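Read off the chains here:
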Amino acid sequence: MFSENNRISERQASRLLTYDLLGLSTLLVPTLLSNVAGRDGIFCIAIGVAASILYLWILCVLVEDCTTTFSAYLEQKLGKFVGRAVQGGFFLYLLLLAGYTAYLFCDVVLQSLLREESFYLVLILVLLLALYGLWGGLEGRARVYEILYWFLMIPLFIMLFFALDEIRTDYWSPVFVSDAGDIFAGSYYVFLSFAIIFLVLFLGNYMKKKERLFVAGRRALLFTGGVHAALYLILLGIFGADALGSMQYPAVTLMSTVRISGGFLKRADAFMFAIWFFTLYALLASCIFYSGNVLVQILGKCLQKYGEQKRQHGAYTVVVVLVGVIACCFYKEHAWMEDYEWILWHIGTPFVVLVPVILTAFIHRSGRKKDDRAGRRGNRTEKCAGMFALVLLSGSILTGCDTAELEERDFPIEIAVQNTDDFAQEFLDAESSGSRTIDYSHLKVMILSQAFIEDEASMRELLELLEKKNEIPQNVYLVVAENAKELLNCKDVLNESVGNYLEKMFENVSEVRKQEYPTLGMLYQERDNQNETFFIPYVSEGEEELVIERYYVWRRGEAFGSVDSRTAMLSFFTQNQMEKYQMTLEDGTVVSLSDAHNKLSFSEQEGKKTVVANIRCSGEVISAGATAENGQQLAWQIEAYMNRIAEQTLAELQIDVTNSFRKLGAKRDWYFYYQGQKNAYEQDIDVIYDVSVDWINL
C-alpha cells in the first residue's frame, strides 16, 4: 500500500534515476560514440561514468545543504532576481528536453510499431498518459517503476545474452587508434548524456533519507554504465564500427537481428520496445514534473489564491501543452531538432552542469536545521489508476499494437525478388492499394534471383528501399536461386512453405551454426563496414527436397561470383563456424573433423604477406581409402586438400576462404595499409594451412 507521505526510498530513487538515464542515452550514445571514437568508445564510457560519479558527489553536497526545494534554495542563496533567472534556465532546459524526448518517443514508436499511424495521435496519447501519471504524484510513479523494474531488465539481459552468439570479436580491434581529441569528445558525449543525473537536485527533497541520495545515484550510474558498456560491445561486435555509426537507433535494430530458435518471437524489436517505452516515458514524466514545480516557484505570488494541488496540476497541464508544441515543431522542421541538439550539447547541458558546481564551490555552507515539513498527500485512487494504466499500456505494447485484425493481414513466410519494381509492387506497396495488410513479423527467408544479386545497381536500390521502409526484419535469411519465383513453387513437393523448410535446414540440419548464414541485416552492415566475405546458399530444387547446390559470395559489400560447396564448407570450418566438417581425400578416404580450435596468424617475409590458418581438431575416419595411412599421413593429406582449395580459390576468384580481412585488427600495420586499398588484399597474400589432428579411431 502507498504510505502517501510523498516520500520515496533509496531503492525507489535509484530506479527512478536508472529509468531517466537509460532510455535516451541507449538510443543515441552508441551512434555518437562510434562516429567519434569507434572501437575506443568503450574507454569513453568508462571515463564518462567516472566523471558522472564525481559530478554526482558535487550535486549531493549541494542537496545536503538544501533544506527546502531546490528552486527556493536558488532564491535563498542567489537572491530573488538571479535565483529566478537560474530557475528560468532550468525550466527552459527541462521543457526542451521533454519536447525532444516526446519527439524521439513518438518517432521510435512510429518506426518500430505503428508505422502507418499519425504522429500527432501518438503524441497526444503519450502526453495524456504522462499527464495522468503526474497527477498521481512522484510516489505513485516510483511504486510503479519499482514493481516493473526487473520485469523490464531481465528480458533485456536475456536478449543481450542471445545476441552473444552473433558477436564477431574481430570487430573489437584494433583499439587505441583514436587520438586524444576523439577520446575526449567521446567521453564528453557520454558525460553529457549521463548529466541527466542533475535531477537529484530536485529529487532530494522527496527522499526519506537525503543522505542516501549519493548511494542511490551512484548505483544508478554504475548500472546504466554497465548496460552501456555491454550494449556497446555487443553492437560493435555485431554491426561493426562503420555500420554502427550510420544507424539511427542501433539498440532497437539489434533486437530485430537477434535470432531465437524455434520461430519464437521473430520480431524481438517489437517485444522489447517496452524497455524504451518505459524509460523514455519516465524521462518525459520527470522533465514535466520538475519543470512544472519550477514554474510554480517562478510564478510565486501569482498563484497564491489557488491550492497547492491545483497549482501543480495547472502547471503540469501548461508544461504538457508546451511540450506538445515543441515536439510538433521538431517533427515539422527537422532542422530545428538539429539546432536543438547542438544547443543541448554545447549550451544547455553545460549550464545545468556548471551551475551546481559553481554553487558548491562559492557558497559557504553554514549550519542548517532539518526541515520536517509534511509532504503533499496524493490521491490513492489516482495513484492506483495510474499504475493500472501504465501496466495496461505496456500489455498493449507487447501484443504488437497493430490496428488490423488477424483475418485482414497476410503473413508471408518467404518472399522472392526478381527485380525491384515487381518486389515493391507485390509486397512493400501492396498496402497502398487497400486490398490487404502485410505483416512481416513471421518472415523467415528472402530469395534473390541470381541475375538480380549480380546487378550491383539493383541490389543497392533494394537495400536502400528495404532500409527506408524498415518493415522487414533484419534477421531474415538470404538465399540465392536461379529463378526466385520458380523456387516458391516447390512448396507443393515439400508439403510446407519454402521459408519454413529452409529455416529448418539452416537451424536444425546443417552443421554450420545458424548465426553464420547471411541475413538481410548483414548486407546492410557490409555496405558500410566492407570487412566480411559471406557465403550465401545457392538453392535449387531436388527430386523431393531443396538442396544447396553451391554458395554465392558476397565480398565486402558486393556480389563476387559463386563457389562450390566444399570451398564454402572449408571457409566455415576455418572460422570455427561448424560443429563437424566432412571431406573426401584423393585416395577416397572419408574423414570427419570436429572440436576445432582454429586461429589465424599473419607473417611477412621479404615483402610477401602470408596468412597461416592453424587447424587444431579431432578427427575420425568414416571410411578408409585405397591405401592404408597412419594418422600423420592423413593429416598431411588433409593439409594438402585445404591448401589446394585455398590456393585455387585465391588465384582464380580472388576469394580468401579464411575471411582473414576482418581479423586485420590483430595486425595493425596491415590494417592501416589496406584501409585505403581493400581490393588489393587478396592479390597480395598467400594462404597456408597448418593442420594437426587428434585421431579418435586410429
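So, how was this worked out
- Residues numbered from 1 in each chain as written.
- Predicted model: local features only at pLDDT ≥ 70, side-chain atom pairs only at ≥ 80, totals over all residues.
- Heavy atoms only, no water.
- Helix = DSSP H or I, 4+ residues; strand = E, 2+ residues; numbered from the N terminus.
- Buried < 20%, exposed > 50% of the residue type's maximum accessible area, 1.4 Å probe, protein only.
- Contact = heavy atoms within 4.5 Å.
- Areas by Shrake-Rupley, 256 points an atom, 1.4 Å probe, with all protein chains shown as cover.
- Axes fitted to C-alpha atoms, helices over the stretch in contact; angles between N-to-C directions.
- Left-handed = near helix turned anticlockwise from the far one by under 90°.
- Nonpolar A, V, L, I, M, F, W, Y, C, P; charged D, E, K, R; others polar.
- Polar contact = N/O pair within 3.5 Å; in protein donor to acceptor, adjacent residues only side chain to side chain.
- Phe/Tyr/Trp six-rings, centres within 6.5 Å; stacked < 30°, edge-to-face > 60°.
- Lys NZ or Arg CZ within 6 Å of the ring centre and 35° of its normal.
- Patch = residues over 30% accessible without salt bridge, like charges linked within 9 Å, V, L, I, M, F, W, Y side chains within 5 Å.
- Salt bridge = Lys/Arg side-chain N within 4 Å of Asp/Glu carboxyl O.
- Expected span 1.5 Å × (residues − 1).
- Core = buried A, V, L, I, M, F, W, Y, C linked by side-chain atoms within 4.5 Å.
- Pairing = 2+ DSSP bridges.
- Parallel < 35°, antiparallel > 145°, perpendicular 65-115°, else oblique.

Peer 1: In this structure, what is going on with the overall build of the protein chain? I would like to understand it.
Peer 2: Assigned secondary structure in the protein chain consists of 26 helices and 13 strands. When the 698 residues of the protein chain are sorted by exposure, 57% land in the buried category. In the protein chain, the share of contacts with a sequence separation of at least 24, taken over all contacts with a separation of at least 6, comes to 79%. Carbon and sulfur atoms make up 54% of the accessible area of the protein chain, which amounts to about 29600 Å² in all.

Peer 1: Even after reading the chapter, I still don't get the packing of helix α3 (residues 70-78) against helix α4 (residues 80-112), so can you show me in this structure?
Peer 2: Here α3 crosses α4 at 145°, and the two axes come no closer than 7 Å. You can see that α3 and α4 cross each other, and the crossing is right-handed. Counting all contacts with α3, which are made through Phe70, Ser71, Leu74, Glu75 and Leu78, the residues of α4 involved are Lys80, Val82, Gly83, Arg84, Val86, Gln87 and Phe90. Each residue belonging to the contact of α3 with α4 can be placed in one class, and the counts come to six nonpolar, three polar and three charged.

Peer 1: Can you help me understand the side chain of Glu10 in this one?
Peer 2: Tracing the backbone through its elements, the reader meets Glu10 in helix α1 (residues 10-36). Among the polar contacts made by the side chain of Glu10, one reaches the side chain of Arg212 at a distance of 2.8 Å. Not counting the four nearest positions on each side in its chain, Glu10 is found in contact with Met207, Arg212, Val215, Ala216 and Arg219.

Peer 1: Looking at this model, I keep getting lost on the side chain of Thr610. Mind explaining?
Peer 2: Within the secondary structure, Thr610 sits in strand β12 (residues 608-623). Classification of Thr610 by relative accessible area gives buried; the value is 13%. Ignoring anything within four residues of it in the chain, the contact list for Thr610 reads Ser601, Phe602, Ser603, Trp670, Asp686 and Ile688.

Peer 1: I'm lost on the packing of aromatic side chains in this one. Help?
Peer 2: Any two aromatic rings considered together are summarised by their centre-to-centre distance and by the angle between their planes. Here the structure, examined in full by the defined rule, presents 37 aromatic pairs. When the centroid spacing of 5.2 Å and the interplanar angle of 90° are considered together, the rings of Tyr674 and Tyr681 count as edge-to-face. Neither residue differs from the other here; Tyr674 and Tyr681 are each classed as buried. Taken together through their ring pairs, the aromatic side chains of Phe70, Tyr73, Phe90, Tyr93, Phe198, Phe202, Phe289, Tyr290, Tyr316 and Phe351 make up a single cluster. In this arrangement the basic side chain of Arg550 is found over the ring face of Tyr538, its NZ or CZ atom lying 3.9 Å from the centre. We note Lys609 situated over the ring of Tyr673; from NZ or CZ to the ring centre the distance is 5.3 Å.

Peer 1: Is there a simple way to think about a nonpolar patch on the surface in this case?
Peer 2: Together, Trp150, Ile154, Phe157, Ile158, Phe161, Phe162 and Leu164 give the surface a local cluster of nonpolar side chains, amounting to about 660 Å² of exposed area. Turning to its location among the elements, Ile154 is positioned in helix α6 (residues 137-163).

Peer 1: I tried to follow the pattern of salt bridges on my own but got confused; where do I start?
Peer 2: Pairing of side chains with opposite charge becomes possible as their charged atoms draw close. Summed over all chains, the structure comprises 19 salt bridges. Three or more residues are tied together by salt bridges with common partners; here these are Arg168, Asp170, Arg513, Glu516, Glu532, Arg662 and Lys663.

Peer 1: Please explain the environment of Val296 as it appears in this structure.
Peer 2: Looking at the secondary structure, you find Val296 in helix α12 (residues 268-299). For the pair formed by Val296 and Ala315, sequence separation is 19 residues and the distance between their alpha carbons is 6.5 Å.

Peer 1: What is the right way to look at helix α5 (residues 119-135) in this model?
Peer 2: An α-helical turn contains 3.6 residues, so a residue and the one three or four places further along point in the same direction. Here α5 is 17 residues long and its end C-alpha atoms lie 25 Å apart, about the 24 Å a rise of 1.5 Å per residue gives. Considered for burial, the residues of α5 that qualify are Phe119, Val122, Leu123, Val126, Leu127, Leu129, Ala130, Leu131, Gly133 and Leu134. Between a side-chain oxygen at the N-terminus of α5 and the backbone nitrogen of Tyr120 the separation is 3.2 Å; the capping residue is Ser118.

Peer 1: Help me out: how do you make sense of the nonpolar core in this one?
Peer 2: Generally speaking, a soluble globular protein has its nonpolar side chains buried in company with each other. Membership of the largest hydrophobic core comes to 139 residues, with the highest contact counts inside it found for Phe198 and Phe202. Setting aside anything within four residues of it in sequence, one finds Phe198 in contact with Tyr55, Leu59, Phe90, Tyr93, Leu94 and Val352. Membership of the second largest hydrophobic core comes to 64 residues, among which are Phe573, Ala613, Leu650 and Tyr689.

Peer 1: So what exactly am I meant to see when it comes to the pairing of strand β8 (residues 558-563) here?
Peer 2: On any regular strand, side chains alternate: one points to one face of the sheet, the next to the other face. Two elements, strand β7 (residues 546-555) and β8, share four bridges in a ladder whose sense is antiparallel. Considered in β8, the bridge of Trp554 is made with Ala559. Hairpin remark: β7 followed by β8, antiparallel, with two residues in the connecting loop; positive phi at Arg556, about 45°.

Peer 1: Even after reading the chapter, I still don't get unusual backbone geometry, so can you show me in this structure?
Peer 2: Phi is mostly negative for residues that are not glycine, and the peptide bonds are mostly trans. With an omega of 0°, the peptide bond between Ser173 and Pro174 qualifies as cis. Looking at the secondary structure, you find Pro174 in the loop between α6 and α7 (180-194).

Peer 1: Where do I start with the packing of helix α2 (residues 41-65) against helix α9 (residues 213-239) in this structure?
Peer 2: Helix packing for two helices is described by the angle between their axes and how far apart those axes are. Interhelical geometry of α2 versus α9 gives an angle of 170° and a closest axis separation of 10 Å. Looking at the two axes, α2 sits roughly antiparallel to α9. For α2 against α9, the interelement crossing comes out right-handed. Between α2 and α9, the residues in contact are Gly41, Ile42, Ile45, Val49, Ser52, Ile53, Leu56, Trp57, Cys60 and Val63 and Leu213, Phe214, Gly217, Arg218, Leu221, Leu222, Gly225, His228, Ala229, Tyr232 and Leu233, respectively. Each residue belonging to the contact of α2 with α9 can be placed in one class, and the counts come to 15 nonpolar, five polar and one charged.

Peer 1: Any chance you could explain the pairing of strand β9 (residues 580-584) here in plain terms?
Peer 2: Covered by surrounding structure in β9 are Tyr581 and Met583 only, the residues Lys580, Gln582 and Thr584 on the alternate face being uncovered. Pairing analysis gives five bridges linking β9 to strand β10 (residues 590-594), with the strands arranged antiparallel. Pairing of Tyr581 across the sheet is with Leu593, part of β10.

Peer 1: Which parts of the structure should I look at to understand α9?
Peer 2: For α9, with 27 residues, the first-to-last C-alpha span of 38 Å sits near the 39 Å given by 1.5 Å per residue. Burial runs high along α9: 19 of the 27 residues are buried. Downstream of α9 by a residue or two, Gly240 has a phi angle that is positive, lying close to 85°.

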